[in-house]
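Structural overview for review
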Amino acid sequence: MWLFNSSVGRKFVMSITGACLAFFLLFHASMNLVAIISEEGYNMICEFLGANWYALVGTLGLAFLAVVHIIYAFALSIINYRARGRERYAVSDRSNGVEWASMNMLVLGFIILGGLCLHLVNFWAKMQLVEILGSEPANGVELIKYTFSKWYFAIIYLLWFVALWYHLTHGIWSAMQTLGWSNNIWLPRIKCISNIIATIIVLMFVAVLVWYFVAGNCCCASACAA
Amino acid sequence: MDKTINVTLKIWRQAGPKVKGHFETYKLDNISTDSSFLEMLDILNEQLISEKKEPVVFDHDCREGICGMCSLYINGHPHGPDSAVTTCQLHMRRFHDGDTITVEPWRSNAFPVIRDLMVDRRAYDKIMQAGGFVSVNTGGVPDANAIPIPKKDADEAMDNASCIGCGACAAACKNGSAMLFVAAKVSQLALLPQGKVEAARRVKAMLGKMDELGFGNCTNTGACAAECPKCVPLSAIARLNREFICAKFKD
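Note that the structure is a prediction, hence the values are computed from the model and not measured. (Residues numbered from 1 in each chain as written. Chains lettered and ligands numbered in written order. Predicted model: local features only at pLDDT ≥ 70, side-chain atom pairs only at ≥ 80, totals over all residues. Heavy atoms only, no water.)

1. As for the overall build of chain A
- The number of helices and strands found in chain A is ten helices and zero strands.
- For chain A, the succession of helices and strands along the chain, N to C, is α-α-α-α-α-α-α-α-α-α.
- C-alpha extents for chain A along the principal axes are approximately 65 × 40 × 35 Å.
- Residues counted as buried form 40% of the 226 residues belonging to chain A.
- Considering only residue pairs separated by 6 or more positions, chain A has 75% of its internal contacts joining residues 24 or more positions apart.
- Surface exposure of chain A reaches about 12,300 Å², of which carbon and sulfur atoms provide 74%.
- Across chain A, 12 positive and 9 negative side-chain charges occur, with their mean positions spaced 20 Å apart. (Helix = DSSP H or I, 4+ residues; strand = E, 2+ residues; numbered from the N terminus. Buried < 20%, exposed > 50% of the residue type's maximum accessible area, 1.4 Å probe, protein only. Contact = heavy atoms within 4.5 Å. Areas by Shrake-Rupley, 256 points an atom, 1.4 Å probe, with all protein chains shown as cover. Lys, Arg positive; Asp, Glu negative; His and termini not counted. Charge placed at Lys NZ, Arg CZ, Asp CG, Glu CD.)

Right, here's the structure in full:
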């Protein structure tokens with residue numbers, strides 16, 4: 001099957017799963033933004049996406065995409081490492097126009113995976129998981145307020161978002177290039193589009209984090225003063 | 001007046017494919033900055049021969065940047081620090097007095113070292129033999145303009161045809177991937193009507209051979225195109241991907 005045993009096939013799987021995950025991030029980030037606009041609205045979305053069948057199907061689909069993306073990432077990294085040969089260059093210098101992110105996608109992926117685990121424990125386990133198990137889910141907005149008011153969580157999430165931004169800036173245009181949607185004119189354009197989408201996604205996530213970190217800590221300060 | 005420089009060379013020496021290699025340091029004095037890099041290596045070899053030592057083995061042929069024979073990974077760059085030139089077109093004026101220059105062979109699983117700085121690049125020939133041609137019945141020569149080809153396509157095909165198969169792309173790639181080479185060879189034919197007929201069969205055969213020979217998977221890092229002495233563009237790889245994915249979906 002060409003999706004397993006040809007290099008372009010493997011990259012094809014990588015780009016399709018990656019692109020789908022990027023679309024999910026775009027959706028997730030827009031959903032989060034509601035938490036700034038209206039707390040009730042955000043809780044309504046949480047309820048709407050609880051343990052309903054469509055939310056469960058979506059979650060399973062996402063888990064499948066993420067697992068395939070990660071397994072392929074490891075497989076590709078191992079094959080590529082071997083292809084490099086046993087001896088390594090003693091002196092290597094980065095070539096012109098080679099992005100740092102493109103050389104470190106696996107490392108960035110590890111950071112993202114670590115952040116994802118923390119995120120699932122922080123939020124998903126207390127919201128969708130408990131609902132699947134039949135209990136009452138936590139209040140979404142309250143959970144955000146609690147988590148993002150802690151300075152250590154804020155820092156970890158911020159680092160996570162930075163890694164995500166780097167991963168996306170390379171990942172999005174790279175996916176398009178792998179699918180063949182590129183030529184001499186469009187290559188600079190898809191790189192630009194990639195940067196814009198990555199920045200929009202990450203800024204939306206960061207906005208919610210900063211908003212609730214500031215809100216949480218200012219409230220604390222005033223409460224202490226009182 | 002000729003300007004001369006003194007340089008220290010750190011050169012990879014390896015007696016054979018299975019032998020463990022190592023770096024050896026040589027000092028060369030009074031090298032003219034007008035001499036080419038390969039002439040500098042010739043001077044080193046003369047010096048080694050006069051000292052009754054084994055000369056350094058390296059590939060070279062036309063010495064005018066068209067045969068694709070010279071290789072050498074110089075100071076962390078295939079074909080040295082200059083852009084858009086092959087090693088034979090690199091001159092000593094690119095270096096300074098007192099510089100240490102590290103010279104290594106291409107390092108890739110599919111390009112095993114034969115000796116010192118010479119590697120076996122037959123893998124590229126095998127990829128070409130797998131499908132890098134047009135199977136035509138060579139009859140009488142048709143009129144040059146019998147098949148009209150837009151200038152844009154002809155130019156782009158020519159840009160891809162400029163690939164000399166030197167192996168710098170695979171040598172520069174952190175994944176040891178030969179995608180830029182295969183992409184150039186697939187593109188130059190796929191862009192023209194004569195080559196389009198067999199495009200699907202060709203791309204599958206050449207890519208299959210590339211994977212079989214142990215080259216890596218492209219991660220769109222772009223080092224290949226940046227280091228390519230003939231400036232084959234990265235968009236060629238997108239065309240290769242497109243041709244391959246379309247061919248597979250048609251199957």
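2. Here's the deal with the pairing of strand 5 (residues 100–104) of chain B
Residues and elements named next belong to chain B.
- Summarising burial for strand 5: four of the five residues are buried, a large majority.
- In terms of strand pairing, strand 3 (residues 73–74) meets strand 5 through two bridges, oriented antiparallel. Bridge pairing in strand 5 places Y73 opposite E104. (Pairing = 2+ DSSP bridges.)

3. A closer look at the packing of helix 3 (residues 151–161) of chain B against helix 5 (residues 179–190) of chain B
Residue and element names in this part refer to chain B.
- One can describe the packing of helix 3 onto helix 5 by two numbers: an axis separation of 8 Å at closest approach and a directional angle of 150 degrees. Between helix 3 and helix 5, the angle falls in the class roughly antiparallel. For helix 3 against helix 5, the interelement crossing comes out left-handed. Contacts between helix 3 and helix 5 involve A157, N160 and A161 on the former and, on the latter, A184, S187 and Q188.
- Its residues assigned to classes, the contact of helix 3 with helix 5 shows three nonpolar, three polar and no charged. (Axes fitted to C-alpha atoms, helices over the stretch in contact; angles between N-to-C directions. Parallel < 35°, antiparallel > 145°, perpendicular 65-115°, else oblique. Left-handed = near helix turned anticlockwise from the far one by under 90°. Nonpolar A, V, L, I, M, F, W, Y, C, P; charged D, E, K, R; others polar.)

4. Section: the domain arrangement of chain B
Residues and elements named next belong to chain B.
- Domain boundaries assigned for chain B yield domain 1 (4–104) and domain 2 (122–250).
- Distance between the C-alpha centres of domain 1 and domain 2: 30 Å.
- Contacts between the two partners involve twelve residues from domain 1, matched on the other side by eleven residues from domain 2.
- Summed over both partners, the interface of domain 1 with domain 2 comes to about 840 Å²; 55% of that surface belongs to carbon and sulfur atoms.
- Put simply, domain 1 and domain 2 have zero salt bridges between them.
- Where domain 1 packs against domain 2, one counts two residue pairs in polar contact (both at pLDDT 80 or more).
- Split into classes, the residues belonging to the side of domain 1 that touches domain 2 amount to seven nonpolar, five polar and no charged. (Domains from an automatic or database assignment. Buried area = accessible area lost by both parts, 1.4 Å probe. Salt bridge = Lys/Arg side-chain N within 4 Å of Asp/Glu carboxyl O. Polar contact = N/O pair within 3.5 Å; in protein donor to acceptor, adjacent residues only side chain to side chain.)

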